[in-house]
Amino acid sequence: MTTLHVTTDQVFAALSTYSLIALVVMALWRVKLNLRYETWHLTHVILAVVAVAAGVAHMIGWSFYLTAPWKRELWIGLVLFWIGLLLYVRLFKPLFMLRKPYRIAEVRKERGDSCTLVMRPDGHGGFRFSPGQFGWL
């Protein structure tokens with residue numbers, strides 16, 4: 001009888017790989033899977049964090065790729081930067097944007113099922129927008 005021994009770094013490698021596969025499947029077939037955008041977006045962010053964190057945990061557990069201290073420090077620094085950027089873009093920046101609300105001043109009917117929302121800053125000077133810039137509502 002053979003005993004299968006699974007190490008922690010192998011579990012992290014599998015978790016990272018399966019998270020990446022799920023990311024690709026959901027990105028390519030979101031509509032076919034009948035996923036709402038909000039559900040897809042939240043799941044996409046969570047799977048991306050799990051894939052990167054599990055991948056780095058695998059690298060640390062395996063120790064082969066991070067034998068040199070500078071490599072270990074570089075990878076940990078990159079992951080911390082990535083997580084910090086994610087927190088800034090998805091949490092802190094939206095919280096700061098709550099201080100600068102806009103009000104809908106006009107709704108213009110366009111061709112097809114489209115409309116234009118004319119928005120005015122409420123209690124602040126507004127933002128400088130660049131051509132082609134857009135916002136999610």
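Details of the structure are given in the entry above.
What you see is a predicted model; the values in this text were computed from it and never measured.

> Describe the packing of aromatic side chains, naming the residues involved and giving the relevant values.
Applying the stated criterion to the full structure yields two aromatic pairs. For the pair Tyr-102 and Phe-127, a centre-to-centre distance of 5.8 Å together with 15° between the ring planes defines the contact as stacked. With Tyr-102 in strand β1 (residues 102-109) and Phe-127 in the segment after β2 (115-121), this pair connects stretches of sequence that are 25 residues apart. Taking relative accessible area as the criterion, Tyr-102 reaches 23% and is therefore assigned partly exposed. On the basis of relative accessible area, Phe-127 is assigned to the partly exposed category, the value being 31%.

> Tell me about helix α2 (residues 37-62), residues and numbers included.
End to end, α2 covers 37 Å across 26 residues, agreeing with the expected 38 Å (1.5 Å per residue, within 8%). Buried residues of α2: Trp-40, Leu-47, Ala-48, Ala-51, Ala-54, Gly-55, Val-56 and Met-59, and no others. Each element contacted by the buried residues of α2 is listed here: α1 (8-28) and α3 (69-97). Phi turns positive, to about 70°, at Ser-63, one or two residues after α2.

Conventions used here
Residues numbered from 1 in each chain as written. Predicted model: local features only at pLDDT ≥ 70, side-chain atom pairs only at ≥ 80, totals over all residues. Heavy atoms only, no water. Phe/Tyr/Trp six-rings, centres within 6.5 Å; stacked < 30°, edge-to-face > 60°. Helix = DSSP H or I, 4+ residues; strand = E, 2+ residues; numbered from the N terminus. Buried < 20%, exposed > 50% of the residue type's maximum accessible area, 1.4 Å probe, protein only. Expected span 1.5 Å × (residues − 1). Contact = heavy atoms within 4.5 Å.

Everything listed here is a matter of coordinates, which is why it stays silent on function.
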